[in-house]
Amino acid sequence: MKITVCSTENSLYQDSFDIEGGNFNKAGIVSTRIKSILKQMGLPADVVRKCAIVSYESEINVVSYAKKGVINLTVNPETVLIEVVDEGPGIPNIDLAMQQGYSTADQKIREMGFGAGMGLCNIKNYSDIFHISSEVGKGAHLLMTINIKQ
Amino acid sequence: MNLETIVKEFGLEVRCAPENLKNNVTGGYTGDLLSDVIANSREGYIWITRQVHQNIVAVASLKEHAGIILINSCEPSRETLEKASQEKIPIMVSSLSAFELTGKIYNLLGKKD
Amino acid sequence: MKLSEVKKILNADVIVGEEHLDLEVKTAFGADLMSDVLAFAKAGSLLLTGLTNSQVIRTANILDIAAIILVRGKKPSTETINLAKEFKIPLLTTKYILFETAGRLYAKGIVGCLEKVENNSVLD
Ligand SMILES: Nc1ncnc2c1ncn2[C@@H]1O[C@H](COP(=O)(O)OP(=O)(O)O)[C@@H](O)[C@H]1O
Ligand SMILES: [Mg+2]
């Protein structure tokens, strides 16, 4: 499941953040951290915004559907890479999961304002490159690239 | 005011039940939480939402809404369309956001009453 | 318009941010789905919503939303209030439903934070 996404040599920043599955009180904390790190690094506002949205929807999905997960953040001179790896049921049908409106969310998730089947679409739309894979019974893997310069 | 006036005024695209555009609109409700809409909307209201799931038809039918307007160019799912046609609930689509469309409809309803 | 005027138009109570009422706002976004907010809302806008949980504050913080208006007289939890304080996001509550809230603000010149969504059909 683990994929090496980049060479570490010329990356400007790299860190990993753990996410606890099922803990809605903490959902969003990691994305808020990521946002403030990128802002402090002086990245353009629209890049920070895209990264924050992508991280947040991913974090919500890990909390909603997986046992636990990790977000690996890498800032390179020209791109930000956000990799999300979780341990959980995985996604049996990725094409279906990517469809806007498709959701298996329960009542609790919907009360939070998620679970309308828009999360993965948001992630894809705000990424310059989006990659998703999954192994059923093991977990899901997302890799998003956001360009710093257009 | 009937639905047809609102459809014409804001260029809404009618997706089903055009035979019921004569429905009278007594007010509006904007929201995406079905339980809230069930609890607080009234008969004859036009419901503005971005939910596209077939459950919206059951809610609109239960509450006897004049019709449903989907915002942000959201399209109803196939099941939603089938159900709405059966139940004769007009579903319309607007490219405006919920805020814009609500503002415009609120003003229009206020003028004519 | 200033946030203090928004408060007046909506007969709203200020829960957090009494000291930020001279903040200028021009645009708004109304939704009960945070994914919808994340998809379309713009920085500096008002967020009008019927949800009161802490994810509303987190979403607003992610997007640099100017202020949050809770509709239908919703009272947020202590956790939500504390988070709004932590992020310094003004939090107001009005008795009006979202339809009335949006209608009143629109009538006074607040506009939607996006013009149109041309194509929002199911992605590939
Ligand atoms: N990390 C994950 N692990 C397992 N299933 C997932 C994961 N992420 C998404 N899914 C599945 O894909 C569906 C669509 O996800 P998404 O687009 O984020 O919408 P939502 O979370 O609102 O349902 C989810 O309802 C769930 O069934
Ligand atoms: Mg999701």
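In this convention, every chain numbers its residues from 1, walking through the sequence in written order. Starting at A for chains and at 1 for ligands, labels are handed out in the order in which the entities are written. The predicted nature of this model means local features are confined to residues of pLDDT at least 70 and side-chain atom pairs, given and counted, to a pLDDT of 80 or more, with totals for whole chains, interfaces and linings taken over all residues. Based on all heavy atoms of the structure, the side-chain values leave hydrogens and waters out of the count.

J.: Would you explain the overall build of chain B in this entry?
T.: On a plain count of helices and strands, chain B comes out with 5 helices and 5 strands. Put simply, DSSP marks the helices as runs of H or I at least four residues long and the strands as runs of E at least two long, and each gets a number from the N terminus on. For chain B, the succession of helices and strands along the chain, N to C, is α-β-β-α-β-α-β-α-β-α. Taking the principal axes of its C-alpha atoms as reference, chain B extends roughly 35 × 25 × 25 Å. The buried label applies to any residue whose accessible area, calculated with a 1.4 Å probe on protein chains only, is under 20% of its type's maximum; exposed applies above 50%, and partly exposed to all values in between. Residue burial in chain B is summarised as follows: out of 113 residues, 57% are buried. Only heavy atoms enter the contact rule, under which two residues are in contact if any of them lie within 4.5 Å. A separation of at least 24 residues holds for 46% of the contacts in chain B among residues at least 6 apart in sequence. When the accessible surface of chain B is split by element, carbon and sulfur atoms take 45% of a total near 4700 Å². Distance between charge centres in chain B, computed from 12 positive and 14 negative side chains, equals 3 Å. A 1.4 Å probe and the Shrake-Rupley method give the accessible areas. Residues count as covered only by the protein chains that appear here. Charge counting treats Lys and Arg as positive and Asp and Glu as negative, with His and both chain ends excluded. Here the site of a charge means atom NZ of a Lys, CZ of an Arg, CG of an Asp or CD of a Glu.

J.: Hey, could you run me through the site of ligand 1 in this one?
T.: Residues and elements named next belong to chain A. In the neighbourhood of ligand 1, 17 residues make up the surrounding shell, with Tyr65, Asp86, Ser103, Thr104 and Leu120 lying closest. Polar contacts, as counted here, are pairs of nitrogen or oxygen atoms within 3.5 Å of one another; within protein the pair requires one atom able to donate a hydrogen and one able to accept it, and residues that are adjacent in sequence qualify only if both atoms are side-chain atoms. Within the backbone of Gly115, an N or O atom sits 3.0 Å from an oxygen atom of ligand 1. Gly119 places a main-chain nitrogen or oxygen 3.3 Å from an oxygen atom of ligand 1. Protein coverage of the free-state accessible area of ligand 1, which is 530 Å², stands at 94%. When each cavity is represented as a set of grid points, ligand 1 is found to reside in the second largest pocket. Those elements that place two or more of their residues in the shell around ligand 1 are helix H2 (45–65) and helix H5 (119–126). Partitioned by chemical class, the residues of the shell around ligand 1 number 9 nonpolar, 7 polar and 1 charged. Near residues are defined by distance, with any heavy atom within 4 Å of the molecule or strand qualifying the residue. Definitions used for this entry: grid spacing 1 Å over protein atoms alone; cavity, a set of points where a 1.4 Å probe fits but cannot get out; pocket, an open set with protein on both sides within 12 Å along at least 5 of 7 lines; lining residue, one with an atom within 4 Å of a point. Throughout, a molecule is located in a cavity or pocket provided that more than half of its atoms lie within 2 Å of its grid points. Polarity classes work like this: nonpolar for Ala, Val, Leu, Ile, Met, Phe, Trp, Tyr, Cys and Pro, charged for Asp, Glu, Lys and Arg, and polar for all others, with Gly in that last group.

J.: I'm lost on the sheet that holds strand S3 (residues 46–49) of chain C in this one. Help?
T.: Two strands in a sheet stick together by hydrogen bonds in their backbones, pointing the same way (parallel) or opposite ways (antiparallel). All names here are of chain C. When DSSP finds two or more bridges between two strands, those strands count as paired. The 6 strands lie next to each other as S1-S5-S4-S3-S2-S6, forming an open sheet whose pairing is mixed. If you trace the sheet from one side to the other, it starts and ends with strand S1 (13–16) and strand S6 (111–112), each paired once. Note: strand S4 (residues 67–70) against strand S5 (residues 91–93), 3 bridges, orientation parallel. Following the sheet pairing, Ile68 is matched in S5 by Leu91. Each axis is a line fitted through C-alpha atoms, and for a helix only the stretch in contact is used; angles between axes span 0 to 180 degrees, taken between their N-to-C directions. Packing against the sheet, helix H3 (residues 54–63) makes contact with S3, S4 and S5, and its axis sits at approximately 150° to S4. Packing against the sheet, helix H5 (residues 98–107) makes contact with strand S2 (27–30), S3 and S4, and its axis sits at approximately 150° to S3.

J.: For this particular structure, what's the right way to read the packing of aromatic side chains?
T.: By convention here, two paired aromatic rings are described through the distance between centres and the angle between planes. Residues and elements named next belong to chain A. Here is the rule: rings of Phe, Tyr and Trp (six-membered ring for Trp) pair when centre to centre is within 6.5 Å. Planes less than 30 degrees apart are stacked, more than 60 are edge-to-face, and the remainder are tilted. Taken as a whole and judged by the stated rule, the model has 3 aromatic pairs over all chains. When the centroid spacing of 5.7 Å and the interplanar angle of 80° are considered together, the rings of Tyr56 and Phe114 count as edge-to-face. Of this pair, Tyr56 sits in helix H2 while Phe114 sits in the loop between helix H4 (107–111) and H5, and the two are 58 residues apart along the sequence. Each member of the pair, Tyr56 as well as Phe114, is classed as buried.

J.: Can you walk me through the pattern of salt bridges in this structure?
T.: For side chains bearing opposite charge, pairing can occur when the charged atoms are close. All names here are of chain B. Basic side-chain nitrogens of Lys or Arg form a salt bridge, by our definition, when they fall within 4 Å of a carboxyl oxygen of Asp or Glu. Tallied over the entire structure, the rule returns 11 salt bridges over all chains. Lys22 serves as the salt-bridge partner of Glu4, at 2.6 Å between the closest nitrogen and oxygen. Here Glu4, found in helix H1 (residues 3–10), pairs with Lys22, found in the loop between strand S1 (13–16) and strand S2 (27–30); they are 18 residues apart in sequence, far enough to count as distant. In this structure Glu4 comes out as partly exposed when scored by relative accessible area, which is 24%. If you follow the salt bridges from partner to partner, you end up with Glu13, Arg15 and Glu75 in one network.

J.: Can you walk me through the interface of chain C and chain B in this structure?
T.: Buried accessible area, meaning the area lost when the parts come together, often serves as the stated size of an interface. In this assembly, 31 residues from chain C lie in contact with 27 residues from chain B. Between chain C and chain B lies a buried interface of about 2400 Å² when both sides are counted; carbon and sulfur atoms form 62% of it. One can count 2 salt bridges joining chain C with chain B. Taking the shortest distance from any N to any O, the salt bridge between C:Asp36 and B:Arg50 comes out at 3.6 Å. Accessible area that two parts lose when put together, with a 1.4 Å probe and added across both, is what the buried area reports.

J.: I would appreciate a short explanation of the pairing of strand S2 (residues 68–75) of chain A in the present structure.
T.: On any regular strand, side chains alternate: one points to one face of the sheet, the next to the other face. Residue and element names in this part refer to chain A. Most of S2 is tucked away, with 7 of its 8 residues classed as buried. Pairing of strand S1 (residues 13–20) with S2 involves 8 bridges; the strand directions are antiparallel. Pairing of Phe17 across the sheet is with Ile71, part of S2. Connecting S2 to the antiparallel partner strand S3 (residues 79–87) that follows it, the hairpin turn spans 3 residues.

J.: Just checking my understanding: could you explain the layout of surface pockets for this structure?
T.: The probe, sized like a water molecule, is rolled over the atoms to show the empty space still left. Size it by volume and the largest pocket reaches roughly 990 Å³. In this structure, the largest pocket is lined by 39 residues; those nearest its centre are A:Arg110, A:Gly115, A:Ala116, B:Gln51 and B:His53. Its residues assigned to classes, the lining of the largest pocket shows 13 nonpolar, 16 polar and 10 charged. Contributing to the lining of the second largest pocket are 30 residues, with A:Asn61, A:Tyr65, A:Ile91, A:Ala97 and A:Leu120 lying nearest its centre. Looking at the lining of the second largest pocket, the elements that each hand over two or more residues are H2, S3, helix H3 (94–98), H5 and strand S5 (139–147) of chain A. Residue contributions to the lining of the second largest pocket peak at 7 residues, all from H2(A). Each residue belonging to the lining of the second largest pocket can be placed in one class, and the counts come to 17 nonpolar, 11 polar and 2 charged. Grid points are joined across faces, edges and corners, and a volume is the space filled by probe spheres set on the points.

J.: Hey, could you run me through the environment of B:Leu33 in this one?
T.: By the secondary structure assignment, B:Leu33 is in the loop between S2 and helix H2 (34–40). The buried category is assigned to B:Leu33, whose relative accessible area is 16%. Here the alpha-carbon distance between B:Leu33 and B:Leu21, two residues 12 residues apart in the chain, equals 25 Å. Excluding anything up to four places from it in sequence, B:Leu33 contacts C:Asp32, C:Leu51 and C:Arg72.

J.: Please clarify how the nonpolar core should be interpreted in this entry.
T.: Considering soluble globular proteins, one finds that nonpolar side chains tend to be buried as a cluster. Residues belong to a common nonpolar core when they are buried Ala, Val, Leu, Ile, Met, Phe, Trp, Tyr or Cys residues joined through side-chain atoms within 4.5 Å. Membership of the largest hydrophobic core comes to 73 residues, with the highest contact counts inside it found for A:Val80 and A:Ile82. Top element by residues in this core is H2(A). It accounts for 10 residues. Core analysis: the next-biggest nonpolar cluster, separate from the first, contains 23 residues, C:Val14, C:Ala67, C:Ile69 and C:Leu105 among them.

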